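Results of the structural survey
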Amino acid sequence: ITDAFAIEQHDFFHSILSGTPPEVDGRRGLRAMAVCYAFCESSLAGKPVKVDAVENGTSCEFQRGIDAWLEI
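As the structure is a computational prediction, the values presented were derived from the model and not from experiment. (Residues numbered from 1 in each chain as written. Predicted model: local features only at pLDDT ≥ 70, side-chain atom pairs only at ≥ 80, totals over all residues. Heavy atoms only, no water.)

**Regarding the confidence of the model for the protein chain**
Where we set the bar: Values of pLDDT, the confidence the predictor places in each residue, fall between 0 and 100. Numbering of helices and strands runs from the N terminus; a helix is a DSSP stretch of H or I covering at least four residues, while a strand is a stretch of E covering at least two.
Averaged over all residues, the pLDDT of the protein chain equals 93, while 100% of them reach at least 70. For the protein chain, the element scoring lowest by mean pLDDT is helix H4 (residues 61-70), at 91; helix H3 (residues 51-55) scores highest, at 95.

**Here we look at the nonpolar core**
Nonpolar side chains in soluble globular proteins tend to end up buried together. We count it as follows: Each nonpolar core is a collection of buried residues, namely Ala, Val, Leu, Ile, Met, Phe, Trp, Tyr and Cys, held together in the definition by side-chain atoms within 4.5 Å. Only protein chains enter the accessibility calculation, which uses a 1.4 Å probe; a residue whose area is less than 20% of its type maximum is buried, one above 50% is exposed, and one in between is partly exposed. Contact criterion: two residues are considered in contact whenever any of their non-hydrogen atoms come within 4.5 Å of each other.
Grouped together as the largest cluster of nonpolar side chains are 5 residues: Ala34, Ala38, Val49, Ala53 and Val54. If you list the elements that add at least two residues to this core, you get helix H2 (26-45) and H3. Ala53 has contacts with Thr58 and Ser59, leaving out every residue within four places of it along the chain.

**Quick look at a nonpolar patch on the surface**
Our working definition: Distance thresholds for patches are 9 Å for like charges and 5 Å for nonpolar side chains (Val, Leu, Ile, Met, Phe, Trp, Tyr), applied to residues having over 30% relative accessible area and no salt bridge. To be clear on the numbers: accessible area is Shrake-Rupley with a 1.4 Å probe, and residue cover counts the displayed protein chains and nothing else. Here, a salt bridge means any Lys or Arg side-chain nitrogen found within 4 Å of an Asp or Glu carboxyl oxygen.
On the surface, Phe12, Phe13, Ile16 and Leu17 cluster together into a nonpolar patch covering about 470 Å² of accessible area. By the secondary structure assignment, Phe12 is in helix H1 (residues 4-18). By relative accessible area, which is 41% here, Phe12 ends up partly exposed.

Shown next, in the form of structure tokens:
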């Protein structure tokens, strides 16, 4: 398997079937996404934004635009 999404899905299904934790759990995945979103939040705010602020939801202006578009 060479497709990144397929590899991720394979790891997920393997963890379910084997009862072992996935390579990247939810907490690590959230942190990785928060790092990426911190760049977007910082750009929108025009100032540095801490990854923790994105992760805990105190900095979410960029996300609000996505939520509005998704109507959630």
